[in-house]
Structures are given as C-alpha cells and as structure tokens.
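A closer look at the structure
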Amino acid sequence: MTRSGISYCLSALPLQQTGTECEDLIEELLCCLIQLIVEIPLLDITYSISLEAVTTLIVFLSCQLFHKEILRESIVHKYLMRGRCLPYTSRLVKTLLYNFIRQERSPPPGTHVFQQQTDGGGLLYGIASGVATGLWTVFTLGGVGSKPTPQLEQCSPLANQSLLLLLVLANLTDAPDTPNPYRQAIMSFKNTQDNTAFSSSNPHAFQINFNSLYTALCEQQKSDQATLLLYMLLHQNGNVRTYVLARTDIENLVLPILEILYHVEERNSHHVYMALIILLILTEDDGFNRSIHEVILKNITWYAERVLTEISLGSLLILVVIRTIQYNMTRTRDKYLHTNCLAALANMSAQFRSLHQYAAQRIISLFSLLSKKHNKVLEQATQSLRGSLGSNDSPLPDYAQDLNVIEEVIRMMLEIINSCLTNSLHHNPNLVYALLYKRDLFEQFRTHPSFQDIMQNIDLVISFFSSRLEQAGAELSVERVLEIIKQGAVALPKDRLRKFPELKFKYVEEEQPEEFFIPYVWSLVYNSAVALYWNPHDIQLFTMDSG
C-alpha cells in the first residue's frame, strides 16, 4: 500500500469505529515517527530516515485532502493534540524550524545509515543500510506518479518537507477542549538571546536562534510556503515581530517581498495576498515607516519600467504597491487587494520622506487613472439613464455600485496625499512638484460633496505654491522650481493646514481563518511535497485549478 493510500484509508475510518488495539498502534506509530524526527541528529547517514519520518507524518495528516469540509476531529488529530505525542510538541516544532533554517542539501544516494563492518559481523547494519539507500533512491528519482519538483525544493527536500509539515500542524483546528499546541508553540517561542522567564501558562514555549531564522526567511521567499511561514510568525509571534522590526538590514526581507508583488503576473493570488499582508503588518509600525526611507538602494535590476540607479527602500515600496494597484485595476479587479494596498500606503503616508521623483509622479499618476475611470463610469451611467427613458424592458447596469467603489478609492488616495502634506510637506518637494504639475486633475473634486473636506488642504497647498511660482516669473527650470518649493515649505504656516485623524490601518484575520488557510496549506503540500502523489480525482478540499 502506498503512503498516500494509508491516508485515504484513515480518512474512511470514523473515530468511534476504530478498535482500541488499532488506535493504540496508530498512537505508537505517530509517537515513534515524532521521536525519530526530534531524537536523531541530522547527519548525511540519517538524512533519509528523518525525511521519511516527516513525510510519513504528512501522509497521516493528509486525510484532510479527501474531505470538502474542514476536519475538526480525526484519529490523527486526537493523538497529536493530546496523549503521548503532546510532550514532544515544542521539540517537534523547533526541529522542523531548524530543518528549514539549515536547508541541508540531500546527501549522495550511496550514503549508508551505518558503515558496513569489514569483519562480516554487521548483517543488521547491512540490512539497515540497504533499506535507507532504497528509500533515498525513491526520493532522489521520484516515486511512481510523483510530480516534478522545482529545483529550489529539490536542493533540500528535508527543509521543504519540514516546512510543509510545520504549516499543516500549525493550521490544525483546535480540539473542543484543547487549543492547538503546535500553534501555541509557534506563537510563543523566543530568541536564544532572550533571558526572560517563560510564561507558565504555555508549556510549549522554546528558544531558537532568531538571527538564523531571519536569514533563512530572507533567502527563501521565492516559495509560497516560506512566505506563509513569515506571515504566521509576524502575525502570531510578538517576539519575532519585534525582532524583525528592530533589524538594521530590513531591506533583506522587504526586497524579496516586493519582488513577489512586482511579478504579480507570475504568482498565484494567495502568494500575492500573503506578501501584501506582510507589508501591511510591517507598516503598522511607525519605526519601520521611518527607517525604510533611510535605506538607500542602488541598481534595482528586476524593476523594468525605469532604471533606478539610486532610490530609498520606502520609495521603491511605494512604486511596487502602486504598480500592484494598477495591475489589479486593469486585470483582476479584486477589491480585497485594493483595500490592503491602499491601507499599506496610508500607514506609511505620514512618514513619507524624500520621495524619489518617480515615486511622487506615480502617486499622482495613479490618482489621474482613478479620475479618468471615475469620469468614464459617470458618463456611462448618464448615457444609460438617458437610453432607458425610452425603454422599460432592459434593466439598468449597477453603475451606482461601481461609482461608489471608485469614489472610495479616490478618497483614500486623497487622504494619503493629504496625510503626507500635513505631516511631512517640507520633506517631500518632489510630491509638491508633481502635485503642481498635474494641478488641473484636482479641480473637479474641489466641490464634490464626497471630497470637499479632504480637498481643503490639497487646494491650499496648490494655491500657495502656485502663487509663489507666479511671483518668481516664467521659464523656470526644474531645479529652480524645486528650490522655490523648498523655501515655500518653510514659509507655509502649519496652522493653516486642517488636522485630520491619523491614517492607521491594522490587519485583522477574518473570522474562521481556517476556511482559507487549511485548503491553501494543503494545496501547497499537494503541489510541492517531494515524492508524494495523491490521485487528483480523489481531492475534495480544493478544486485542482486553485491547488
């Protein structure tokens, strides 16, 4: 029987119909597998045994694949959540994390578990060696029906498989009387340099080297599962979040996330969502929003729209998020994506500093695009209304809803511009320059009832600086205009700008997050687990195009 066949059989066994003897045997096996993972040191000669133990645990848990509904109780859940397996919780999570961190490459196929004895007395050693070598051949060549695996994951199948198992365990649903201990362990582990006492309320806490973890997270963001792990740690573990936000090399983490968003056409929607939510979580911190404008980057080769020889990390982040919004407007039209992109920009807006001229132009260009879209929908609504006066048969398209959505986005953009002008006008001459250059765009919104209040400051800034430029005369160079803007920013009385509530958005997981995360995690397992095959016709948890 294949390993995936085991999971299918287990999924068909109701909890109450399994005999006591069978259940005891399953618990014994699960416990032995966990002991193999946590007790055996990772060496070339033990690599294949560790990989097999991790993989077999994934198979035991994969009965979820054959159910549409989220499994909240099963034999495997029961034994992993309590009983003999429970004391190993923190050690298992820690070992799986270290397997991911170490990214150990697979050893040569001929590596033996034990060195064979030359005196002929090692029959058991020889058998064990032969079994391990056979197992390793399966993993390096792929079993019958195995899927091709990306080269990135082939380099370290144990790291990949360990990460997948960790994500599966962390997303198991809570038992009726017990919270998921693996999630508790992930939420509470600390840095090895943290000497504070563990809370007695969490018996599953442990310590791990945060510097090594951070390095691995920075290096592995090309995979969905590494991005999902980063999201979980930032969202659920305050110790990790605090550590990440205190790093002085935050660009090593942010740049791979920006690359995911930049190549949105090549990524699946879930990967893009996770990357975007990570940015949103990071931008909740004012220290992060300030520091990203102090990090200067040179020659961003993957950004193709324009040669960026020198730009701050903050300005690059703005460019990529705006590009994501524009892509979404023309392709997917996903309101959820729009909302999170704008929320990240809004969180940063009060700390915008020394915006690159191209970033400032793109902010105004996005507003221009939204303005044109608003006018187009308004025109379509008017024409449709006129046409319907002579006909009572055809129903009217819901232009009111379209208008409402566009006006919400326009207002958010105006609030972002206003927040920057109110809090850091003197730090952003390039934004004022772009605003003045496209001042006609804002004219139609001055008297619009939805935007009158937020337009007051923008209108005042445009009028103030336009007046100073007129006084300076005609035929001004770009350099001279920027000089006048810098002088004017100092002269403009701050009390003339109306104060608005601070723009702050916080990421909150939706109710019943397992309805999203469990199918997502198992789609990752299905698509990227090494040397595992499940019959696609038997998969019930997700549709194959979403997996």
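Criteria and thresholds
- Residues numbered from 1 in each chain as written.
- Predicted model: local features only at pLDDT ≥ 70, side-chain atom pairs only at ≥ 80, totals over all residues.
- Heavy atoms only, no water.
- Helix = DSSP H or I, 4+ residues; strand = E, 2+ residues; numbered from the N terminus.
- Buried < 20%, exposed > 50% of the residue type's maximum accessible area, 1.4 Å probe, protein only.
- Contact = heavy atoms within 4.5 Å.
- Areas by Shrake-Rupley, 256 points an atom, 1.4 Å probe, with all protein chains shown as cover.
- Lys, Arg positive; Asp, Glu negative; His and termini not counted.
- Salt bridge = Lys/Arg side-chain N within 4 Å of Asp/Glu carboxyl O.
- pLDDT = per-residue confidence, 0-100.
- Phe/Tyr/Trp six-rings, centres within 6.5 Å; stacked < 30°, edge-to-face > 60°.
- Lys NZ or Arg CZ within 6 Å of the ring centre and 35° of its normal.
- Core = buried A, V, L, I, M, F, W, Y, C linked by side-chain atoms within 4.5 Å.
- Expected span 1.5 Å × (residues − 1).

**Re the overall build of the chain**
Secondary structure assignment for the chain yields 23 helices and four strands. Here the chain holds 547 residues, and 52% of them are scored as buried. Partitioning the contacts of the chain with sequence separation of at least 6, the portion at a separation of at least 24 is 75%. Accessible area of the chain: about 25700 Å², with a carbon and sulfur share of 52%.

**Let's talk about the side chain of Glu 251**
Note that Glu 251 resides in helix H13 (residues 251-262). Buried within the structure, Glu 251 lacks any salt-bridge partner; its nearest side chain of opposite charge belongs to Arg 247, at an N-O separation of 8.7 Å. Not counting the four nearest positions on each side in its chain, Glu 251 is found in contact with Pro 256, Val 295, Leu 297 and Leu 313.

**A word on the confidence of the model for the chain**
Per-residue confidence for the chain averages 85 on the pLDDT scale, and 84% of its residues sit at or above 70. Counting interchain partners and residues more than four positions distant, the pLDDT-below-50 stretch residues 8-18 has 18 contacts. Ignoring residues within four places in sequence, the model shows residues 114-153, a span with pLDDT below 50, making 53 contacts including any to other chains.

**A word on the environment of Ser 424**
With respect to the secondary-structure elements, Ser 424 resides in helix H19 (residues 399-424). Residues Ser 424 and Ala 489, 65 residues apart in the sequence, show an inter-C-alpha distance of 9.5 Å. Excluding residues within four positions of it along the chain, Ser 424 makes contact with Ser 349, Ala 350, Phe 352, Arg 353 and Ser 419.

**Some words on the pattern of salt bridges**
Close approach of charged atoms allows side chains of opposite charge to pair. Throughout the structure, instances matching the rule amount to 17 salt bridges. Residue Glu 39 pairs with Arg 91 through a salt bridge whose shortest N-O separation is 3.3 Å. Within this pair, whereas Glu 39 is found in helix H2 (residues 20-39), its partner Arg 91 is found in helix H5 (residues 89-102), the two being separated by 52 residues in sequence. Note that Arg 411 and Asp 453 form a salt bridge whose closest N and O atoms lie 2.9 Å from each other. Taken together, the residues span a long stretch of sequence, with Arg 411 in helix H19 and Asp 453 in helix H21 (residues 452-472) at a distance of 42 residues. A relative accessible area of 24% means that Asp 453 is categorised as partly exposed.

**Things to note about the packing of aromatic side chains**
Considering all chains together, one arrives at 17 aromatic pairs under this definition. Here the aromatic rings of Tyr 214 and Tyr 243 are separated by 6.3 Å at their centres, their planes lie at 75°, and the arrangement is edge-to-face. Of this pair, Tyr 214 sits in helix H10 (residues 210-219) while Tyr 243 sits in helix H12 (residues 238-246), and the two are 29 residues apart along the sequence. Between Phe 464 and Phe 465 the ring centres are 5.2 Å apart and the planes differ by 85°, which places this aromatic pair in the edge-to-face class. Take Phe 464 and Phe 465: they sit in the same class, and that class is buried. Lying across the ring of Tyr 262, Arg 323 places its NZ or CZ 4.0 Å from the centre.

**So, the nonpolar core**
Counting residues in each nonpolar core, the largest one holds 176 residues, and the members touching the most others are Leu 228, Tyr 231, Leu 316, Ile 363, Phe 442 and Trp 522. Once you skip the residues sitting within four places of it in the chain, Ile 363 turns out to touch Ile 318, Ile 322, Phe 352, Leu 355, Met 413, Ile 417 and Leu 431.

**A short note on helix H8 (residues 157-170)**
Along its 14 residues, H8 runs 20 Å from first to last C-alpha, staying within 8% of the 20 Å computed at 1.5 Å per residue. With 14 of 14 residues buried, H8 lies mostly within the body of the structure.

**A look at H5**
In an α-helix, one turn spans 3.6 residues; hence positions three or four apart end up facing the same way. Its 14 residues place the ends of H5 20 Å apart at the C-alpha level, agreeing with the 20 Å of an ideal helix rising 1.5 Å per residue. For H5, a buried count of 10 out of 14 residues is recorded, marking the element as mostly surrounded by other parts of the structure. All of the buried residues along H5 are Thr 89, Ser 90, Leu 92, Val 93, Thr 95, Leu 96, Leu 97, Asn 99, Phe 100 and Ile 101. The positive-phi residue at the C-terminal boundary of H5 is Gln 103, with phi of around 50°.

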